[in-house]
Amino acid sequence: MGNLDARIEGLTSQATRGRLTADVGGELVELTILRGHVLGRIDQAERAASLAEAFVDQAPRDPRSLVARARLSSLFHRFAAALDDLDAAAALGFDRRSMDEEQAAVCQAVGRYEEALTLHRQALSRGQGFSTLGAMARCHAESGEADEAERWFLAARRTYRGVSPFPPAVLEFQCGQMWLAQGSLVSARIWLESAARRLPSYVPVQGHLAETDAAEGRTPVATERLRRPALASDDPDYATRLARLLDRFEAPAEARFWRAHAAARYEELMTRHPEAYADHAAEFWLTVGGDPQRALRLTRWNLALRATPSAQALVNRAMCRVGQRQQ
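Residues numbered from 1 in each chain as written. Predicted model: local features only at pLDDT ≥ 70, side-chain atom pairs only at ≥ 80, totals over all residues. Heavy atoms only, no water.

Let's talk about the overall build of the protein
A count of helical and extended segments in the protein gives 18 helices and zero strands. Here the C-alpha radius of gyration of the protein, 20 Å, is about what a compact globule of 327 residues would show, namely 20 Å. Taken along the three principal axes of its C-alpha coordinates, the protein extends 60 × 45 × 40 Å. Evaluated residue by residue, the protein yields a buried proportion of 51% over its 327 residues. Surface summary for the protein: the accessible area is close to 15,000 Å², and the carbon and sulfur share equals 52%. Here the protein carries 42 positive and 42 negative side-chain charges, and the mean point of each set is 2 Å from the other. (Helix = DSSP H or I, 4+ residues; strand = E, 2+ residues; numbered from the N terminus. Rg over C-alpha atoms; globule rule 2.2 N^0.38 Å. Buried < 20%, exposed > 50% of the residue type's maximum accessible area, 1.4 Å probe, protein only. Areas by Shrake-Rupley, 256 points an atom, 1.4 Å probe, with all protein chains shown as cover. Lys, Arg positive; Asp, Glu negative; His and termini not counted. Charge placed at Lys NZ, Arg CZ, Asp CG, Glu CD.)

What follows is the structure in structure tokens.
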């Protein structure tokens, strides 16, 4: 993490001394996104979005600037804007293989898995490196094909020859996340603990390990593990999970504190980035937030934005909860 911070600071210094060149701009945006993901910091993703806009302003004819902005648009679930920038980048001559990977990622995000798989296969036909194998793994994972996805995750991990812990740790986190969603706690823990060994400060990994602890009935352990990300992260998802555990652990005063914290933060995020946080806000209102009608409205909007199995499952849960309330 120290090396990552130092590299970002060095690139930032270069950017402030002169123009945000293509090489500096692209790397600075990517590393800022990475730091935000690893630390669970939404403000870093917002900073990356501002950098990407500045990059486009200074290099509007460089396709790399448009791709950088497209990634941020996709990260905040502004998928139409992301595809527009990718089309513009393609018209400016952006590399075909890289373009396939970028477009496939957007297709996955909105539930168009067959299109994504076609694009991934095209990329794989040009070479089976870590990124292409990992992209194929994520596509199968998001479409619910867990066993097939794990084969690709394993293949990707075997090909990695770098020295940075970040790419394999992120890959292992994604596979652990998949198995946790499938309810396979043993497999989830194996992958998540491997990611944690590579990168102990990886906040989403610690959050999911806490979720695994809770599912195994180890509520006190899960609660202690969750307090650190809830305090360090500006993502209210951790506060939501902690409030739920504290309710279960019969600590109502602390649960109320974290519930109020999460509610205030979701109100803020839904003002700034409604597309990106509709599903997480719905999860909050469906559980500790105590407003299933509001949750149902958000889940239906989220499903309209991206017709994925997880989005549909969230709608179904909200409908069941509203029905229970009305009985």
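Okay, back to it.
Structural notes on the packing of aromatic side chains
Per the counting criterion, the structure on display carries six aromatic pairs. An angle of 45° between the planes, with centres 5.4 Å apart, marks the rings of Phe-173 and Tyr-202 as tilted. Of this pair, Phe-173 sits in helix α10 (residues 166-182) while Tyr-202 is found in the loop between α11 (185-198) and α12 (203-215), placing the two residues 29 residues apart along the sequence. Both residues of the pair, Phe-173 and Tyr-202, belong to the buried class. With 5.7 Å between their ring centres and 35° between their planes, Tyr-266 and Phe-284 make a pair best called tilted. Of the two residues, Tyr-266 sits in helix α15 (residues 252-272) while Phe-284 sits in helix α16 (residues 274-286), which places them 18 residues apart along the sequence. (Phe/Tyr/Trp six-rings, centres within 6.5 Å; stacked < 30°, edge-to-face > 60°.)

As for unusual backbone geometry
With the exception of glycine, the majority of residues adopt a negative phi angle, and the majority of peptide bonds are in the trans configuration. In this structure, His-77 takes a positive phi of about 65° despite not being glycine. Tracing the chain through its elements places His-77 in the loop between α4 (63-75) and α5 (79-91). The phi torsion at Glu-250 lies on the positive side, around 60°, for a residue other than glycine.

A look at the environment of His-273
Residue placement: His-273 occurs in the loop between α15 and α16. For His-273, the residues in contact, after removing those within four places along its chain, are Glu-46, Phe-76 and Arg-78. (Contact = heavy atoms within 4.5 Å.)

A few points about the pattern of salt bridges
Per the stated rule, a full pass over the model turns up 34 salt bridges. A salt bridge links Glu-115 to Arg-112; the shortest N-O distance between them is 2.9 Å. Classification of Glu-115 as partly exposed rests on a relative accessible area of 41%. When its relative accessible area of 35% is taken as the criterion, Arg-112 is described as partly exposed. (Salt bridge = Lys/Arg side-chain N within 4 Å of Asp/Glu carboxyl O.)

Points about the environment of Ser-50
Within the secondary structure, Ser-50 is located in helix α3 (residues 42-58). Sequence spacing of Ser-50 and Arg-69 is 19 residues, and the spatial spacing of their C-alpha atoms is 9.1 Å.

Focus on α4
The end-to-end C-alpha distance of α4, which contains 13 residues, comes to 18 Å, matching closely the 18 Å that a straight helix rising 1.5 Å per residue would cover. Every buried residue belonging to α4 is among Pro-63, Ser-65, Leu-66, Val-67, Ala-68, Ala-70, Leu-72, Ser-73 and Ser-74, and all of these are buried. On the buried face of α4, the contacting elements are α2 (22-39), α3, α5 and α6 (96-109). The distance from a side-chain oxygen at the start of α4 to the backbone nitrogen of Arg-64 is 2.9 Å, and the residue carrying that oxygen is Asp-62. One or two residues past the end of α4 sits His-77, with phi positive at roughly 65°. (Expected span 1.5 Å × (residues − 1). Polar contact = N/O pair within 3.5 Å; in protein donor to acceptor, adjacent residues only side chain to side chain.)

Considerations on the nonpolar core
Judged by nonpolar contacts, the single largest core of 93 residues is most densely connected at Leu-72, Phe-153, Met-178, Tyr-202 and Val-205. Of the residues forming this core, the biggest block, nine residues, is contributed by α10. Counting 13 residues, the second largest nonpolar core, distinct from the first, contains Leu-66, Ala-70, Met-99 and Val-106. (Core = buried A, V, L, I, M, F, W, Y, C linked by side-chain atoms within 4.5 Å.)

Some points on α11
For α11, with 14 residues, the first-to-last C-alpha span of 20 Å sits near the 20 Å given by 1.5 Å per residue. When α11 is considered as a whole, its buried residues turn out to be Ala-188, Arg-189, Trp-191, Leu-192, Ser-194, Ala-195 and Ala-196. Packing partners of the buried residues in α11 comprise α9 (146-159), α10, α12 and α13 (219-232).

Examining the packing of helix α14 (residues 236-248) against α15
Following both chains from N to C, one finds α14 and α15 inclined at 155°, their axes separated by 8 Å at the closest point. Classified by the angle between their axes, α14 and α15 sit roughly antiparallel to one another. For the pair α14 and α15, the sense of crossing is left-handed. Of the residues in α15, those in contact with Pro-236, Asp-237, Ala-239, Thr-240, Leu-242, Ala-243, Leu-246 and Asp-247 of α14 are Glu-254, Ala-255, Trp-258, Arg-259, His-261, Ala-262, Arg-265, Tyr-266 and Leu-269. Grouping the constituent residues of the contact of α14 with α15 by class yields ten nonpolar, two polar and five charged. (Axes fitted to C-alpha atoms, helices over the stretch in contact; angles between N-to-C directions. Parallel < 35°, antiparallel > 145°, perpendicular 65-115°, else oblique. Left-handed = near helix turned anticlockwise from the far one by under 90°. Nonpolar A, V, L, I, M, F, W, Y, C, P; charged D, E, K, R; others polar.)

A closer look at the side chain of Thr-240
Relative to the helices and strands, Thr-240 resides in helix α14. Under the relative-accessibility criterion, Thr-240 is labelled buried at 3%. Beyond its immediate chain neighbours, meaning those up to four positions away, Thr-240 contacts Ala-262, Tyr-266, Phe-284, Thr-287 and Val-288.

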